[in-house]
Amino acid sequence: MLTLASEVEVLSRFGRALADPIRCRLLLALRGAPAHPSDLADRLGISRTRLSNHLACLRDCGLVVAVPVGRRTRYELADPRLGHALDDLRTAVVAVEADRTCPDADEQGCC
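First, a word on what this report is: a plain description of the structure on this page.

Criteria and cut-off values
Residues numbered from 1 in each chain as written. Predicted model: local features only at pLDDT ≥ 70, side-chain atom pairs only at ≥ 80, totals over all residues. Heavy atoms only, no water. Helix = DSSP H or I, 4+ residues; strand = E, 2+ residues; numbered from the N terminus. Buried < 20%, exposed > 50% of the residue type's maximum accessible area, 1.4 Å probe, protein only. Contact = heavy atoms within 4.5 Å. Areas by Shrake-Rupley, 256 points an atom, 1.4 Å probe, with all protein chains shown as cover. Salt bridge = Lys/Arg side-chain N within 4 Å of Asp/Glu carboxyl O. Arc of directions from axis to C-beta. Axes fitted to C-alpha atoms, helices over the stretch in contact; angles between N-to-C directions. Parallel < 35°, antiparallel > 145°, perpendicular 65-115°, else oblique. Nonpolar A, V, L, I, M, F, W, Y, C, P; charged D, E, K, R; others polar.

A count of helical and extended segments in the protein gives 6 helices and 2 strands. Each helix and strand of the protein, placed in order from N terminus to C terminus, yields the pattern α-α-α-α-β-β-α-α. Taken across its 111 residues, the protein has 26% of its residues classed as buried. The contacts of the protein with a sequence gap of at least 6 include a subset with a gap of at least 24, amounting to 49%. Entry remark: accessible area of the protein is about 7,700 Å², with carbon and sulfur atoms responsible for 54%.

Another point: the side chain of H54. By the element assignment, H54 lies in helix α4 (residues 48-60). Residue H54 is classed as buried on the basis of its relative accessible area, which comes to 10%. In this structure, H54 is in contact with D20, I22, R23 and L26, ignoring residues within four places of it in sequence.

This part takes up the pattern of salt bridges. One pass over the structure, following the stated rule, counts 4 salt bridges. With a shortest N-O distance of 2.9 Å, D87 and R31 are connected by a salt bridge. Placement of D87 in helix α5 (residues 81-99) and of R31 in helix α2 (residues 21-32) is noted, with a sequence separation of 56 residues between them. Take D87: its relative accessible area is 25%, and that puts it in the partly exposed class. In this structure R31 comes out as partly exposed when scored by relative accessible area, which is 33%. Residues joined in a network through salt bridges with shared partners are R31, D87 and R90.

Every buried residue of helix α3 (residues 37-44) is accounted for by S38, L40, A41 and L44. One side of α3 carries all its buried residues, which in axial view fall inside an arc of 165 degrees. Structural note: α3 exposes D42 and R43 on the side pointing more than 90 degrees away from its buried face. On its buried side, α3 packs onto α2, α4 and β2 (72-77). Looking one or two residues past α3, G45 carries a phi angle of roughly 70 degrees, positive in sign.

This part takes up the packing of α3 against α4. Here α3 crosses α4 at 110 degrees, and the two axes come no closer than 9 Å. It follows that α3 is roughly perpendicular to α4 by the angle criterion. Contacts from P37, S38, L40, A41 and L44 in α3 reach R48, L51 and L55 in α4. Taken together, the residues that form the contact of α3 with α4 break down as 6 nonpolar, 1 polar and 1 charged.

Without other data, these values stay purely geometric and don't point to any function.
Okay, structure coming up:
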């Protein structure tokens, strides 16, 4: 049975997905177009086993869906708005990184 997640759960899932660079690269790749696992593994330069684990995490987070296409499976973002959210996050982070208003950022490793 499908249930609606609370706002906090949704953000937590999104944060969990973005916490790993490979999952970030996967989401960005799928932002461009749906793809088959073998193509994604080749594009990202990782093993299919490793890719499978990351795709499972993204499915569990509700961010990607597996779509059967004949005997193969294609992956795509679960909702087109996720692509827009990724674009918004990328541009927001770049803007903050360029600002670096924290005077202790280099010593503290923050910001």
